[in-house]
Amino acid sequence: MMGSGARLLVTGLASLMLAACTPAPVVSVPVSERAAIEQRLMADITMLASDDFAGRKPGTPGEEKTLAYLETRMAEVGLVSGTNDPGSYWREPVALVGTRPLSGQLTLTQGRKRVVVPASDAVVFTPRRRAIATSGPGTGVPVVFVGFGDGSVLGDRLAGAVAVMLADPGRDTMRRNSLFAQRATAVVTVEPDAATLPAAQSAERVQLASDEVDTLAAYVTDAALGGVIGQGRWARLKADAQAPDFAPLELNLAVSIEATAERREFVSSNLLGVIPGNAPGSGAVLVLAHWDHLGECSPADAADRICNGAVDNASGLAVMLELARRLKAGAPLGRDIYVLATTAEEAGLLGVRAFAKQPPQPLSQIVAAFNFDMLALAPAGSPVGYIGRGQGPLDAVILAELASSGRGDGDAALADSFVQRQDGWVLQQQGVPSVLLSSSYGSRDVLQPFLGTRYHRPSDEAVQIELGGAVDDLLMHERLIRILADPARYQPSSAPQP
Ligand SMILES: [Zn+2]
């Protein structure tokens, strides 16, 4: 599960906790069979969450171990390649780039006044190893003040220029992107004060290589810029920028920007298998779980640094593999069942985005997608959290299953708060009906203790997991997928549209 800036769940939970009234476990298979399922889940989770796999971080030796293990297991459960590429049986390469800011400096010159803006008043970012921009009078590179606009009135004339814009919270990212799209060499954003400067973060940021935009972005405080331009003139420029007919103008100012970053280009992989259906052309069901986790994630001096990610997300992988095994071993299915292990979920749902850009079949053919992320928290018989409820045509089938299985319907607000933090969100955005159904998100008293003590920490280890709810979730998905993979029982066109 991807992290969240918001702390929605970490506070204010003590109120309103009702005494748990646990319904009897749903017995749809013999107890001995449940035990055998648990055993297989435990074997996969224990292996994937062992220190040998080093926290399964993309671009590290832990990745190769993880992929090799999953490939063996995908073959064992009876999948065949889903890649459509004879040269790459399971793997779909995902080109990534990681960048980490190292240094940055902004220098402003007007006439004889030259100021190297101190780090307390300026921050500079680039994804390049080294980026330099020199501009101003005599350089042939104009410095253009665009006020609160996005420079679009200038069209091509902004190409090569350094743009200076006034911050306007909520619109700034969009405006900077627009200025870079017009090929501005650099964009300087003027922030009200030091408190609104972006943090000079040292953490690595990972993106899809195909999404990367080559940028050089500086942020400077209003006072620092005004000090060089002259406070009176700067005040007039800002007042002019408020006018509806304001037109961008060239400043008599030299701006020089230098920045360096650490840059790591590497190729990770999604893994894709399929259980071919016997009704070709009738569409597909997709199940997915992210294989990546955080690698080492505690301070260098900690006794245990490896974030093993047993719950997040060895548990999802284990459930997905056992589900695939049972689907393959049971009665033949009409629609194809794709089984996808995604990379770089923790870095911002990147692997699933790569998948959505180059799917094995058009995305419109996927009638349903089920994501598995952070299972193995709830005991058997717990209510089901339904992430993605009310957003697509699957509601009717899923709600009928919940009603007939006797499993309670979980806390809807809790489930809703995770919609955008999981891989299914990317597919949902592309029109694929995508849900995440799990007892882990059914109630705060199940989820909160995990988030508060083990989530994204070295203590998310296999010894701590509870598999009763995960087995319930697995069996529920098996029933649902048997319905949704049967063209005679489910046709998406006949389902209610959102
Ligand atoms: Zn996570």
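All of these numbers come straight from a predicted model, not from anything done at the bench.

1. Thoughts on helix α11 (residues 444-453)
Line of reasoning, step 1. Taken as a whole, α11 has its buried residues at Val446, Leu447 and Phe450. The arc that holds every buried residue of α11, seen down its axis, measures 80°, which confines them to one face. Among the exposed residues of α11, those pointing more than 90 degrees away from its buried face are Gly452 and Thr453.

2. Here we look at unusual backbone geometry
Line of reasoning, step 1. Note that the residue after Asp312, namely Asn313, is joined by a cis bond; omega there is 5°.
Line of reasoning, step 2. Non-glycine residue Met374 carries a positive phi angle of around 65°.
Line of reasoning, step 3. Mapping Met374 onto the fold places it in the loop between β15 (366-371) and β16 (385-387).
Line of reasoning, step 4. For Met374, a count of 26 C-beta atoms within 10 Å gives the class buried.
Line of reasoning, step 5. We note that Ala376 has phi near 65°; this positive angle belongs to a residue other than glycine.
Line of reasoning, step 6. In this structure, Ala376 sits in the loop between β15 and β16.
Line of reasoning, step 7. By the C-beta count within 10 Å, which is 30 here, Ala376 ends up buried.

3. Quick notes on the packing of helix α8 (residues 395-405) against helix α12 (residues 468-484)
Line of reasoning, step 1. For the pair α8 and α12, interaxial distance at closest approach is 11 Å and the crossing angle is 135°. When the interaxial angle is binned, α8 and α12 end up oblique. Every pair of crossing elements has a handedness; the one defined by α8 and α12 is right-handed. Here Val397, Ile398, Glu401 and Ser405 of α8 come into contact with α12, specifically with Met476, Arg479, Leu480, Ile483 and Leu484.
Line of reasoning, step 2. Looking at the contact of α8 with α12 residue by residue, the classes come out as six nonpolar, one polar and two charged.

4. Quick look at the pairing of strand β5 (residues 130-134)
Line of reasoning, step 1. Judged by which residues are buried, β5 turns out to be one-sided: Ala131 and Ala133 face inward and are buried, whereas Arg130, Ile132 and Thr134, on the alternate face, are not.
Line of reasoning, step 2. In this sheet, strand β12 (residues 254-275) lies alongside β5 in antiparallel orientation, the contact comprising five bridges. If you follow Arg130 over to β12, its bridge partner there is Thr260.

5. A few points about the sheet that holds strand β10 (residues 217-221)
Line of reasoning, step 1. Across the sheet, which stays open at both edges, the six strands sit in the order β4-β10-β8-β7-β6-β11 with mixed pairing between neighbours. Looking at the sheet topology across the chains shown, the edges are occupied by β4 (122-125) and β11 (249-250).
Line of reasoning, step 2. Here strand β6 (residues 143-147) runs beside strand β7 (residues 162-166); their pairing, made up of four bridges, is parallel. Looking at β7, one finds that Val144 is bridged to Ala163.

6. Comments concerning helix α6 (residues 310-329)
Line of reasoning, step 1. Its 20 residues give α6 an end-to-end C-alpha distance of 26 Å, which sits within 8% of 28 Å, the value for a rise of 1.5 Å per residue.
Line of reasoning, step 2. The element α6 is largely enclosed, with a buried count of 16 among its 20 residues.

7. Considering the confidence of the model for the protein
Line of reasoning, step 1. For the protein, the average pLDDT comes to 92, and 94% of its residues sit at 70 or higher.
Line of reasoning, step 2. Every residue in residues 6-25 is under pLDDT 50, and counting partners more than four places away or in other chains gives 19 contacts.
Line of reasoning, step 3. This model gives residues 494-498 a pLDDT under 50, and the stretch forms seven contacts once residues within four places in sequence are excluded.

About the criteria used
Residues numbered from 1 in each chain as written. Predicted model: local features only at pLDDT ≥ 70, side-chain atom pairs only at ≥ 80, totals over all residues. Buried ≥ 20, exposed ≤ 12 C-beta atoms within 10 Å, placed from the backbone. Helix = DSSP H or I, 4+ residues; strand = E, 2+ residues; numbered from the N terminus. Arc of directions from axis to C-beta. Axes fitted to C-alpha atoms, helices over the stretch in contact; angles between N-to-C directions. Parallel < 35°, antiparallel > 145°, perpendicular 65-115°, else oblique. Left-handed = near helix turned anticlockwise from the far one by under 90°. Contact = placed C-beta atoms within 7 Å. Nonpolar A, V, L, I, M, F, W, Y, C, P; charged D, E, K, R; others polar. Pairing = 2+ DSSP bridges. Expected span 1.5 Å × (residues − 1). pLDDT = per-residue confidence, 0-100.

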